[in-house]
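Chain and residue survey
Letter by letter, the chains look like this.
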Amino acid sequence: LYNVKLSMGCRSSRVDNILKDIGMQLKAYSEPMGFVSTSDGVYKISVQKNEIRSKSISDIILKHGFENNMSCPIAIGVGADEVPIIVDLASMPNVLIGGIPGSGKSMLLHSIILSSIYNGSDIYLCDPKMVEFSRYKSLKCVKSVSYSIDEFRILFSSLIKIMNDRYNLISSRGVSNFSEFNNTNKDRILFKSKEINPIVIVVDEWADIYFSDKSVENMVCAVAQKGRAAGMFVVMATQRPSSKVVSGLVKASFPARIALRTSTSVDSRVVLEQPGAEKMTDP
């Protein structure tokens, strides 16, 4: 990762035009990606110069651990500077993941699920392929694994009910979200109810579910829009991040986006609102 300080009057577009030439001189695996960091006042150039070294989830979670101030910590991976990338899902709070087959979507979803298991969240899984998440069925923290569109509808109907029940419980305590509820719940003399665990809902192959029944979009977005204060977070992945699948309602409900390699710059714009994901290399 190179930081380039531009002289006064030099436009960043001049660097954009020579990124391919920079990649040739550095003998990079793929075309470098450049972006402006306004907070640092530099132009950053990301170049893959070596083969990608895989990291296990234990390298991140067990060696580095999670910060105590995070409500729902998730291990995403390791950056170019070898620093683990750990984010709080409660601050995101819903994530849209897009990328072609083989780009690493399943591996990323498994990392999110394992992180959720480690931090004690309740997990609900939606797996149209029927083989991706079946290994988690026997775990106590995995409350449900849905395979068909009928099970998917039943699941989100029950999640909406759980969300409303949680809001009634939170409002009765006079607080505004599940974190404040759990903090007040530490005084066992006044309150003797159970703590509210975060709920992580992982949806794989959203395109298949959406085209099977387009009415489920409203149910998913209802949980995504209102579930944050109740401690309910949705992670949704698709290998077809087109405008027909990722509608404006989905974009508004999923502010956090992760783009793996896409087939075209158009798909990259759908996920990230800018091109660049089509230049990534496969893991």
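One can find the structure itself at the top, above this paragraph.
Residues numbered from 1 in each chain as written. Predicted model: local features only at pLDDT ≥ 70, side-chain atom pairs only at ≥ 80, totals over all residues. Heavy atoms only, no water.

**Focus on the overall build of the protein chain**
Regarding its fold elements, the protein chain presents 10 helices and 11 strands. The globule rule puts the C-alpha radius of gyration for 283 residues at 19 Å, and the 21 Å found for the protein chain is close to it. Projected onto its principal axes, the C-alpha coordinates of the protein chain cover approximately 65 × 45 × 35 Å. Across the 283 residues in the protein chain, those meeting the buried criterion constitute 42%. Here the analysis covers contacts within the protein chain between residues at least 6 apart in sequence; of these, 58% occur between residues at least 24 apart. Surface exposure of the protein chain reaches about 15,100 Å², of which carbon and sulfur atoms provide 52%. Counting 34 positive and 28 negative side-chain charges, the protein chain places the averaged centre of each group 2 Å from the other. (Helix = DSSP H or I, 4+ residues; strand = E, 2+ residues; numbered from the N terminus. Rg over C-alpha atoms; globule rule 2.2 N^0.38 Å. Buried < 20%, exposed > 50% of the residue type's maximum accessible area, 1.4 Å probe, protein only. Contact = heavy atoms within 4.5 Å. Areas by Shrake-Rupley, 256 points an atom, 1.4 Å probe, with all protein chains shown as cover. Lys, Arg positive; Asp, Glu negative; His and termini not counted. Charge placed at Lys NZ, Arg CZ, Asp CG, Glu CD.)

**Focus: the pattern of salt bridges**
Applying the stated criterion across every chain, the model contains 11 salt bridges. Residues Asp150 and Arg153 are paired through a salt bridge, measuring 2.3 Å at the closest nitrogen-oxygen approach. With Asp150 and Arg153 both in helix H5 (residues 149-173) and three residues apart, the pair spans about one turn of that helix. Among the residues examined, Arg153 registers a relative accessible area of 28% and is labelled partly exposed. Between Glu273 and Arg257 there is a salt bridge, with its nearest N and O atoms 3.6 Å apart. Placement of the pair is Glu273 in the segment after helix H10 (265-272) and Arg257 in strand E11 (residues 256-259), with a sequence separation of 16 residues. Overlapping salt bridges, with partners in common, bring together Lys129, Glu132, Asp204 and Glu205 in one network. (Salt bridge = Lys/Arg side-chain N within 4 Å of Asp/Glu carboxyl O.)

**With respect to the sheet that holds strand E10 (residues 232-238)**
Across the sheet, six strands lie side by side as E8-E7-E9-E10-E6-E11; this open sheet has parallel pairing. The open sheet has two edge strands, strand E8 (142-146) and E11, and neither has a second partner. Averaged over all neighbouring strand pairs, the angle between strand axes comes to 15°, with direction disregarded. Bridge count between strand E7 (residues 122-126) and E8: four bridges; the pairing is parallel. From the neighbouring strand, Ile123 faces E8, where its bridge partner is Val142. Each of E7, E8, strand E9 (199-203) and E10 touches H5; the most contacted strand, E7, lies at about 155° to it. (Pairing = 2+ DSSP bridges. Axes fitted to C-alpha atoms, helices over the stretch in contact; angles between N-to-C directions.)

**Points about the layout of surface pockets**
Considering only enclosed or pocket space, the second largest pocket measures out at about 310 Å³ in volume. Of the residues in the lining of the second largest pocket, the class split is four nonpolar, nine polar and two charged. (1 Å grid on protein atoms, 1.4 Å probe; cavity = no way out; pocket = protein on both sides within 12 Å on 5 of 7 lines; lining within 4 Å. Points joined across faces, edges and corners; volume = space filled by probe spheres on them. Nonpolar A, V, L, I, M, F, W, Y, C, P; charged D, E, K, R; others polar.)

**Here we look at the side chain of Ser116**
Its location among the elements puts Ser116 in helix H4 (residues 105-118). Excluding residues within four positions of it along the chain, Ser116 makes contact with Ile74, Ser121, Ile123 and Val200.

**With respect to the environment of Asp59**
As for its position among the elements, Asp59 is in helix H3 (residues 57-64). Between the C-alpha atom of Asp59 and that of Pro84, which follows or precedes it by 25 residues, the distance is 9.0 Å.

**Points about unusual backbone geometry**
The peptide bond linking Met92 to Pro93 adopts the cis configuration, its omega dihedral lying at -20°. In this structure, Pro93 sits in the loop between strand E5 (84-88) and strand E6 (95-98). In this structure, Met130 takes a positive phi of about 70° despite not being glycine. If you trace the backbone, Met130 turns up in the loop between E7 and E8. Classification of Met130 by relative accessible area gives exposed; the value is 51%. Its identity is not glycine, yet Glu273 carries a phi of approximately 65°, on the positive side. Accessibility expressed as a relative area gives 48% for Glu273, which makes it partly exposed.

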